[in-house]
Amino acid sequence: MYGIFMESVVIFKNYMGGRYLAVLFLLALVYLLVAEKNRKRRALFLYMPLSLLLLFFFPIFRKVFVRLMGDGDTYYRVLWLIPMGIITAYGAIKLAGQLYEKKGAWAGRMAFAAAAVLVIAGGKYVYGSQYMSKAENMYHLPQHVIDICDLIAPKEGEPRVWAVFPTDLVYFVRQYDTNIQLLYGREMVEPKWQYAEPVHTIMNHPTTIDIEELLKLTRERYCTYIVLPNVKDKGVSEAPENFGLELIDTVSGYPVYYDPVAAAIIEETFG
Amino acid sequence: MIILRILGLILWLCAVPFCIGLIPMPWIPKEKRNIGVVLVAGYLIMLSLCWLVTVPCILLVKYDSFLAMARLFTIVLGVAVALGIGVYVRSYKKGNPAVRIPALRLGAMGWEERVGWLIFFALIFWQLYKSFTLASFDGDDAEYVAQSLITWQSNTMYLIKPYTGGTTSLDIRHSLAILPVWVAYIGRMSGVHTTILNHSVLPFVWIPLTYIVFYEIGRHLQKDKKEHLPFFMIIMALLQIFGNVSIFTNETFFLTRTWQGKAVAASFVIPVTIWLLLWIFDGKEEGENGNRKRPGKSMQSGQGAGLWVLLVLANMAAGVCTSMVVFLNVVLIGAAAFWLMIAERKFSILVKAGLVCIPNGIYMILYLFLHA
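Residues numbered from 1 in each chain as written. Chains lettered and ligands numbered in written order. Predicted model: local features only at pLDDT ≥ 70, side-chain atom pairs only at ≥ 80, totals over all residues.

Broken down by element type, chain A carries twelve helices and eight strands. By the compact-globule yardstick of 18 Å for 271 residues, chain A is too spread out, its C-alpha radius of gyration being 28 Å. If one aligns the C-alpha atoms of chain A with their principal axes, the spans along those axes are about 85 × 45 × 40 Å. Within the span of chain A, comprising 271 residues, buried residues form 39% of the whole. A separation threshold of at least 6 residues defines the contact pool for chain A, and within that pool the share at least 24 residues apart is 60%. (Helix = DSSP H or I, 4+ residues; strand = E, 2+ residues; numbered from the N terminus. Rg over C-alpha atoms; globule rule 2.2 N^0.38 Å. Buried ≥ 20, exposed ≤ 12 C-beta atoms within 10 Å, placed from the backbone. Contact = placed C-beta atoms within 7 Å.)

Rendered as structure tokens:
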């Protein structure tokens, strides 16, 4: 039980990210404990959040959650139930309002400004996140992925195609066109899931892609398009053209190949 | 073509939910009816209807289940829109209009209040601008966004693996949280690619809707000091923009994964639940020292019934977004009801809260049954 409790403590710390927005929330709670006289608001903005916080750290609740959801990694979402933002804003404005009335306009303004500055300084700017980048198009997908997909996507009425893409592109392909099917997708490239897939193992080799081995597997699986990793990042064991591949184009450093041998196998097998 | 698509988006994302949102308004206290509340109610009803239509289609229709869903949902929405317009006309004739257009009281505002609102709207504009001009990378989009596109392009629901395209037996884990299907439906009706919808259009829906909810919460909390409301809203907006203290916070989800079901649940459905609890239970007049007084006039005349219905719909909308929040919303409502029961010394609050959570119970039983 103690171990589960300590895990919840770690989850809470990770959720708060070591910034002091949590402290602001706790200060607002303490202030409302003293200043809020309305019993129903006390129930909703003091007792309810505090009991949910206690519940979060309560090991049996965590056990029930994991049993029901079948997943302990998302336990942090219980913290979404605590209206931290609303309580922080309400506490800050209530304090600023009281100072405004009792100590004068400037005291109220200063309290509000201080609250705003504390939020800015104690938080982290969401648009500065490493996961944010300038949108290249309305799809918000990398433009080179769209260009590659446009090269290989089947025309209207044609059957879907199978393709292999480098690890860094697999996330985006099927967000643009699901008529392009992948031999491996995101589930294989997430390290935390630790799945193994032979084509991905070859494509994910740190320095060189063994083209012969790769084609053995892709042709077995009727894959007609192969997009190799950016030429800057990785080499190949032999020129793909030696094995019958045709280079359609190189898009932003990614060579895009068509495999007529695989196309012939499809023709022979399915007519 | 582009103009037609924009008009289509306005129709399906603004006009339709607005008309549907008129339905419960006569059962909501008069002073609480406004355009924002109608729109939020419209989305709650539309998403709930979408679940009621989609899940049977997923479970019972073998081929082209999305086609069946789209046809049925269009009919249901058409009926709901007609009903909403009918309710509006009837309530207008009775002198009890379903929606109140608030007068802009610019003249009555002091300079501080005006500056406050100006700063707040600038912060909203900043969030909308950034949502359009910045791309946010999230691995879950490979499942979530692709799911909408598969539905749109293949006319099937949850039968194709989103990551690769291979066929699969019904994906039970995700098939009850059908927000991607709703997105696919909007894409089909408006002709807009679902990935553009998810990444570039829907932030213009979910971000304003969330702020409407925050506004209503703030308006209620500051009802005696309306001049403080813009400052409450500024702090709320700053908390969203600077709430990225980790990748786990609801604020981070709100502005980096706005279109995903879990983000909608965390930033819209849960605040809606808190807002409705506040409206329902804090609607009665109360003295500064906490003495209980008689319920307000509107609550006495039974106009609060619509709020309970909206709470039921919020629970159903949670199920549209993500299965987890169906369970979490029960915990939230249960905790709130427990403390409100003590505050009001009324056991009936707990009973009512239990009744409101019946859809969650049905959803969880269905979830467990399908998983078994």
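From this point on, the discussion continues.
All right, on to the overall build of chain B then. A tally of regular secondary structure across chain B gives 17 helices and one strand. Relative to a compact globule of 372 residues, whose C-alpha radius of gyration would be 21 Å, chain B shows 21 Å and is just as compact. In terms of overall dimensions, chain B has C-alpha extents of about 65 × 50 × 45 Å along its principal axes. Scored against the burial criterion, the 372 residues of chain B give a buried share of 54%. Long-range pairs, those at least 24 residues apart, make up 71% of the contacts in chain B between residues at least 6 apart in sequence.

In a regular helix each residue adds 1.5 Å, so 15 residues correspond to 21 Å; helix α1 (residues 2-16) of chain A covers 21 Å between its end C-alpha atoms and thus fits that length. Positioned one or two residues after α1(A), Gly17(A) has a phi angle of 65°, which is positive. (Expected span 1.5 Å × (residues − 1).)

All names here are of chain B. Axis separation between helix α14 (residues 305-321) and helix α15 (residues 323-344) bottoms out at 5 Å; the angle between their running directions is 150°. With respect to each other, α14 and α15 are oriented roughly antiparallel. The way α14 lies across α15 gives a crossing that is right-handed. Contacts from Asn315, Ala318, Gly319 and Cys321 of α14 reach α15 at Ser323, Val325, Val326 and Asn329. (Axes fitted to C-alpha atoms, helices over the stretch in contact; angles between N-to-C directions. Parallel < 35°, antiparallel > 145°, perpendicular 65-115°, else oblique. Left-handed = near helix turned anticlockwise from the far one by under 90°.)

The next thing to look at is the domain arrangement of chain A. Accessible area lost upon the coming together of the parts serves often as the stated size of an interface. Taken domain by domain, chain A holds domain 1 (2-128) and domain 2 (143-270). The centre of domain 1 of chain A, based on its C-alpha atoms, is set 48 Å off from the matching centre of domain 2 of chain A. (Domains from an automatic or database assignment.)

Residues and elements named next belong to chain A. In this fold, lysine 155 is placed in the loop between α7 (143-152) and β2 (161-164). The exposure class of lysine 155 is exposed, given the 6 C-beta atoms found within 10 Å. Spatially, the C-alpha atoms of lysine 155 and alanine 22 are 54 Å apart, while their sequence positions differ by 133 residues.

What follows deals with the nonpolar core. By size, the foremost hydrophobic cluster in this structure holds 211 residues, and its most contacted members are Ala163(A), Val227(A), Ile235(B), Val269(B) and Val320(B). Here the element with the most residues in this core is helix α2 (residues 35-60) of chain B; it accounts for 17 residues. Two domains each put at least three residues into this core: domain 1 (2-128) and domain 2 (143-270) of chain A. With residues up to four places along the chain from it excluded, the contact list for Val269(B) reads Val264(B), Ala314(B), Ala317(B), Ala318(B), Cys321(B) and Val325(B). (Core = buried A, V, L, I, M, F, W, Y, C linked by C-beta atoms within 7 Å.)

The next subject is the interface of chain A and chain B. Facing the 69 residues of chain A at the interface are 71 residues of chain B. For the side of chain A that touches chain B, the class distribution of residues is 39 nonpolar, 17 polar and 13 charged. Bridge count for strand β1 (residues 132-134) of chain A against strand β1 (residues 134-136) of chain B is three bridges, and the pairing is antiparallel. Bridge assignment links Lys134(A) to a residue of β1(B), and that residue is Leu134(B). (Nonpolar A, V, L, I, M, F, W, Y, C, P; charged D, E, K, R; others polar. Pairing = 2+ DSSP bridges.)

Here we take up unusual backbone geometry. One non-glycine residue, His140(A), lies in the positive phi region at around 60°. Looking at where His140(A) falls in the secondary structure, it is placed in the loop between β1 and α7. Looking at His140(A), the number of C-beta atoms within 10 Å reads 26, which means it is buried. Although it is not a glycine, Arg345(B) adopts a positive phi angle of roughly 55°. Considering the arrangement of structural elements, one finds Arg345(B) in the loop between α15 and α16 (348-356). Overall, the presence of 8 C-beta atoms within 10 Å leaves Arg345(B) in the exposed class.

All names here are of chain A. Pairing in this open sheet of five strands is mixed, and the strands run β3-β2-β5-β8-β7 from one edge to the other. The strands lining the two open edges of the sheet, one partner per strand, are β3 (180-182) and β7 (246-251). Taken pair by pair, the neighbouring strands of this sheet meet at an average axis angle of 30°, ignoring direction. For β2 and strand β5 (residues 225-227), the ladder comprises two bridges, and the chain directions are parallel. By the bridge assignment, valine 164 is partnered in β5 with isoleucine 226.

Okay, α16(B) next. Residue and element names in this part refer to chain B. Listing the buried residues of α16 in full gives Ile349, Ala353 and Val356. Summarising the axial view, the buried residues of α16 lie within an arc of 55°, below the 170-degree limit, and thus occupy one face. Of the exposed residues in α16, those oriented more than 90 degrees away from the buried face are Ser348, Val351 and Leu355. On the buried face of α16, the contacting elements are α14 and α15. (Arc of directions from axis to C-beta.)

With that settled, consider the environment of Gly354(B). By secondary structure assignment, the location of Gly354(B) is in helix α16. Separated by 261 residues in the primary sequence, Gly354(B) and Lys93(B) have C-alpha atoms spaced 37 Å apart.

Residues and elements named next belong to chain A. Of the pairings in the sheet, the one linking β5 to strand β8 (residues 254-258) comprises three bridges and is antiparallel in character. Its bridge partner lying in β8, isoleucine 226 is registered against tyrosine 257. Note: β7 against β8, five bridges, orientation antiparallel. Directly across from glutamate 246, in β8, lies its bridge partner tyrosine 258. Here β7 folds back onto β8 in antiparallel fashion, the turn holding two residues, of which serine 252 has a positive phi close to 45°.

In this section: the confidence of the model for chain B. All names here are of chain B. Per-residue confidence for chain B gives a mean pLDDT of 91, with 95% of residues at or over 70. Under a pLDDT of 50 for its full length, residues 285-301 has, in the predicted model, 24 contacts with residues more than four places off or in other chains. As scored by the predictor, the complex reaches a pTM of 0.93 and an ipTM of 0.92. (pLDDT = per-residue confidence, 0-100.)

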